[in-house]
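Structural characterization, general
The primary structure of each chain is shown beneath.
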Protein chains: 2
Amino acid sequence: MPGTAPEPTEFDLIGRIRRRAGGRDDVVLGIGDDAAVLRVPPGRQLVVAMDTLNAGVHFPADTAPADIGWKALAVNLSDLAAMAAEPAWCTLSLSLPGRDAAWLDGFLDGFLALAAEHRVALVGGDTTRGLLSVCVTVHGFVEPGRALRRDAAQVGDDVWVSGTLGDAAAGLRVVLATDDADGAIGGTAGERRWLRDRLDRPSPRVALGRMLAGRVNAAIDISDGLLADLDHVCEASGVGMQVWMRALPVSPALSAAVGEKARRQFQLGGGDDYELGFTAPPGARLDIERCAVASGVSLSRIGQVGVGERVRVFDRDIDGAGEGGECHVGRRGYVHFDPGASA
Amino acid sequence: MPGTAPEPTEFDLIGRIRRRAGGRDDVVLGIGDDAAVLRVPPGRQLVVAMDTLNAGVHFPADTAPADIGWKALAVNLSDLAAMAAEPAWCTLSLSLPGRDAAWLDGFLDGFLALAAEHRVALVGGDTTRGLLSVCVTVHGFVEPGRALRRDAAQVGDDVWVSGTLGDAAAGLRVVLATDDADGAIGGTAGERRWLRDRLDRPSPRVALGRMLAGRVNAAIDISDGLLADLDHVCEASGVGMQVWMRALPVSPALSAAVGEKARRQFQLGGGDDYELGFTAPPGARLDIERCAVASGVSLSRIGQVGVGERVRVFDRDIDGAGEGGECHVGRRGYVHFDPGASA
């Protein structure tokens, strides 16, 4: 806390937030009353997601306030992206150990920068005293019947993923400065910073999600790790999946920073990627590649939906070519690494 | 934690919540995907409120899980009530120190009992690891232009409040077992239990709020204490208020449990009442009294809106009759008790 300035009241903090919160034409009444009043466009359904980040659990305690703000909104927008929803409004509940106006301003810098990028208005919430914790609810719109769901994967679908995988997990190791042999993070300072940025400043794939609506069958955002999240799709859809390890997208920074074993672990099991995983019929491949170009986000075809009930990973190239056998098995919300099979 | 049962995973806990969450016809997709998909009825605006309760800050750490669940939803429904909104859906973000299925079941008992009473469907959220903290977002509907706001009080309006004031503040003293001379809680065991119930199980005035729409000018829920909340109305509306101390509603239990000085402090400054405060033209008195009968909630006329910018409390009967002078002054979010004037 800065020297002698008196601690602001809760109402001071809310006033600070209110002055900076952006507006939208469909906000009838924003911050400053008991609740917000909002207009949902005719012919649209409402899409609502809510996620909390706790200090020391979801982000390292020393993360910059602007990065915490960015990420708290990003993880929620990522959920809207996975539903193919167009973001509109958010509410924010902020628990703070003390009332530090400078910290709050930094937090809002990150939070509101991402909100502005996606034209999201902050319309309400509260500030309370407690351990640092950020809870956000986001609201968006979707055309009836166009929301992307987890339970619609079809046998024969391709499995796709956006961006690159495992960067955030490596970024976390940069922060924690793990130095055991397998987990050591190499690469240049610039590469390590890029990995940490992938952890702190994920890019929710909102535009991509909108484009995929009507083109793909099932979608999910990759927040718990690729295997765990694809497993959710398998469970909800009543299908199994085969995934080709050598087809998983990898960033140059991740390749430079860690060895193959750690890289594979991060790609399959590392959380916080906030990419989109989805399944689509093979006939949609060309169309999906056009979405990659239009959205500016790379898309990788990484496997196939089949009968069964879980995700099986094979050490092979795209379309299952090559010699490698089954190397990892994902089970209901639990990632099992077979010690004998890891490279 | 019970003896040897393995700790459930986050997905187990979510499954437990999902199995018990109620439904509604307007829920297209509830718990179990990246986000909920919902239908807002045509011709209605969406009303959204969000409030967090932290252990040790908003409720005593040893509060029964069912009471925590009830209250976490109640304080949010109270915000909808103050807007005259009809509740529809909620999302829940639960931070828990451990994954205790028995605790969660108790919590859901209270949360879902109140949800069922108001036909609210739990449609999403998350569970995370952290200090015990409950964040809830509620959604409701209101006819365009009918939402009750803080900024619409008119000079000449009566000031009204529902129910009785100060009970929850006394209930908190029961829990804390404060035994300084002025704060000691007397009364029978039944009265003390009733006061604690007012703290733990507030009744959001939803039906009353719906009835008041179109009949009153401004409304707010009394959560921070009467003076602080009426002060919010004064600030938002650009008016002042005179409040008659002897007109403030008091419960028999509060009268029996504390002396006059503590009673007055609790009525004016005690938080957690979750009653509705509102202003209405004198011509609406009969109509408002009919709302009291129809909703089963007592309503008290406690003062008048005038020019000025703050709440002034006079030690007088209803309509300002009697001899008593100004006894308390409320200022912007801060309750000032004049030591010389307190009875």
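Anything mentioned here points back to the structure above.
Parameters and conventions
- Residues numbered from 1 in each chain as written.
- Chains lettered and ligands numbered in written order.
- Predicted model: local features only at pLDDT ≥ 70, side-chain atom pairs only at ≥ 80, totals over all residues.
- Heavy atoms only, no water.
- Core = buried A, V, L, I, M, F, W, Y, C linked by side-chain atoms within 4.5 Å.
- Buried < 20%, exposed > 50% of the residue type's maximum accessible area, 1.4 Å probe, protein only.
- Helix = DSSP H or I, 4+ residues; strand = E, 2+ residues; numbered from the N terminus.
- Contact = heavy atoms within 4.5 Å.
- Buried area = accessible area lost by both parts, 1.4 Å probe.
- Salt bridge = Lys/Arg side-chain N within 4 Å of Asp/Glu carboxyl O.
- Polar contact = N/O pair within 3.5 Å; in protein donor to acceptor, adjacent residues only side chain to side chain.
- Nonpolar A, V, L, I, M, F, W, Y, C, P; charged D, E, K, R; others polar.
- Pairing = 2+ DSSP bridges.
- 1 Å grid on protein atoms, 1.4 Å probe; cavity = no way out; pocket = protein on both sides within 12 Å on 5 of 7 lines; lining within 4 Å.
- Points joined across faces, edges and corners; volume = space filled by probe spheres on them.
- Axes fitted to C-alpha atoms, helices over the stretch in contact; angles between N-to-C directions.
- Phe/Tyr/Trp six-rings, centres within 6.5 Å; stacked < 30°, edge-to-face > 60°.

It is worth spelling out the nonpolar core at this point. Residue and element names in this part refer to chain A. Ranked by size, the top nonpolar core spans 62 residues in total, and within it L73, F107, F111, L122, V136 and F278 carry the most contacts. Ranked by residues supplied to this core, first place goes to helix α2 (residues 65–82) with 10 residues. For L122, the residues in contact, after removing those within four places along its chain, are I17, A21, G22, I31, C90, T91, L92, F111 and L112.

Attention shifts here to the interface of chain B and chain A. It is common to report an interface's size as the accessible area lost on association of the parts. Counting residues at the interface gives 52 residues for chain B, matched by 52 residues for chain A. For chain B, the biggest contributors to the area lost against chain A are D34, L46 and M50 of chain B; these three give 18% of the whole. Inspection of the chain B/chain A interface yields 4 salt bridges. Note that D34 of chain A and R150 of chain B form a salt bridge whose closest N and O atoms lie 3.2 Å from each other. Here chain B and chain A share 20 residue pairs in polar contact (both at pLDDT 80 or more) between them. Broken down by secondary-structure element, the contributors of at least two residues to the side of chain B that touches chain A are β1 (27–29), β2 (36–38), β3 (45–54), α2 (65–82), β4 (86–96), β5 (121–129), β6 (133–142) and β8 (218–222) of chain B. In terms of residues, the side of chain B that touches chain A owes the most to one element, β3 of chain B, which gives 9 residues. Class assignment for the residues of the side of chain B that touches chain A results in 26 nonpolar, 15 polar and 11 charged. Alignment of strand β2 (residues 36–38) of chain A against β3 of chain B, held across 3 bridges, turns out to be antiparallel. Note on β3 of chain B: the bridge partner recorded for L38 of chain A is L46 of chain B.

Right, let's get into empty space enclosed by the protein. Counting across every chain of the model gives 5 cavities of 30 Å³ or more. Taken together, T52, S93, S95, S133 and C135 of chain A together with T52, S93, S95, S133, V134 and C135 of chain B make up the lining of the largest cavity. The element that contributes the greatest number of residues to the lining of the largest cavity is β6 of chain B, accounting for 3 residues. Here the residues of the lining of the largest cavity are counted per class, giving 3 nonpolar, 8 polar and no charged.

What follows concerns the sheet that holds β2 of chain B. Across the sheet, which stays open at both edges, the 6 strands sit in the order β5(A)-β4(A)-β6(A)-β3(A)-β2(B)-β1(B) with mixed pairing between neighbours. Whereas interior strands pair on both sides, the edge strands pair on one side only; in this sheet they are β5 (121–129) of chain A together with β1 of chain B. Averaged over all neighbouring strand pairs, the angle between strand axes comes to 20 degrees, with direction disregarded. In the sheet, strand β4 (residues 86–96) of chain A pairs with β5 of chain A via 8 bridges, with the strands oriented parallel. Bridge pairing links L92 of chain A to G125 of chain A in β5 of chain A. Most of the contacts of helix α1 (residues 10–20) of chain A go to β5 of chain A, to which it runs at about 160 degrees, and overall it touches β4 and β5 of chain A.

Below, the discussion takes up the packing of aromatic side chains. Applying the stated criterion across every chain, the model contains 10 aromatic pairs over all chains. Aromatic side chains F107 of chain A and F111 of chain A sit 5.7 Å apart centroid to centroid with 20 degrees between the ring planes, which places their arrangement in the stacked category. Here F107 of chain A pairs with F111 of chain A, and both are found in helix α3 (residues 101–117), just 4 residues apart, close to one helical turn. What makes F111 of chain A buried here is its relative accessible area of 0%. When the centroid spacing of 6.1 Å and the interplanar angle of 0 degrees are considered together, the rings of W160 of chain B and F278 of chain B count as stacked. Taken together, the residues W160 of chain B in strand β7 (residues 158–162) and F278 of chain B in strand β10 (residues 275–280) connect sequence positions 118 residues apart. Each of the two residues, W160 of chain B as well as F278 of chain B, counts as buried.

Here the focus is the sheet that holds β5 of chain B. Reading across the sheet, the 6 strands line up as β1(A)-β2(A)-β3(B)-β6(B)-β4(B)-β5(B) and stay open at both edges, with mixed pairing between neighbours. For this open sheet the edge positions go to β1 (27–29) of chain A together with β5 of chain B, each flanked by a neighbour on one side alone. Going from strand to strand, the sheet's axes swing by 20 degrees on average, the running direction of each strand aside. Across 10 bridges, the pairing between β3 of chain B and β6 of chain B is antiparallel. Its bridge partner lying in β6 of chain B, V48 of chain B is registered against H139 of chain B. Sheet contacts for helix α1 (residues 10–20) of chain B: β4 and β5 of chain B; angle to β5 of chain B, the most-contacted strand, approximately 160 degrees. Of the strands in this sheet, β3, β4 and β6 of chain B are in contact with α2 of chain B, which crosses β6 of chain B at around 35 degrees.

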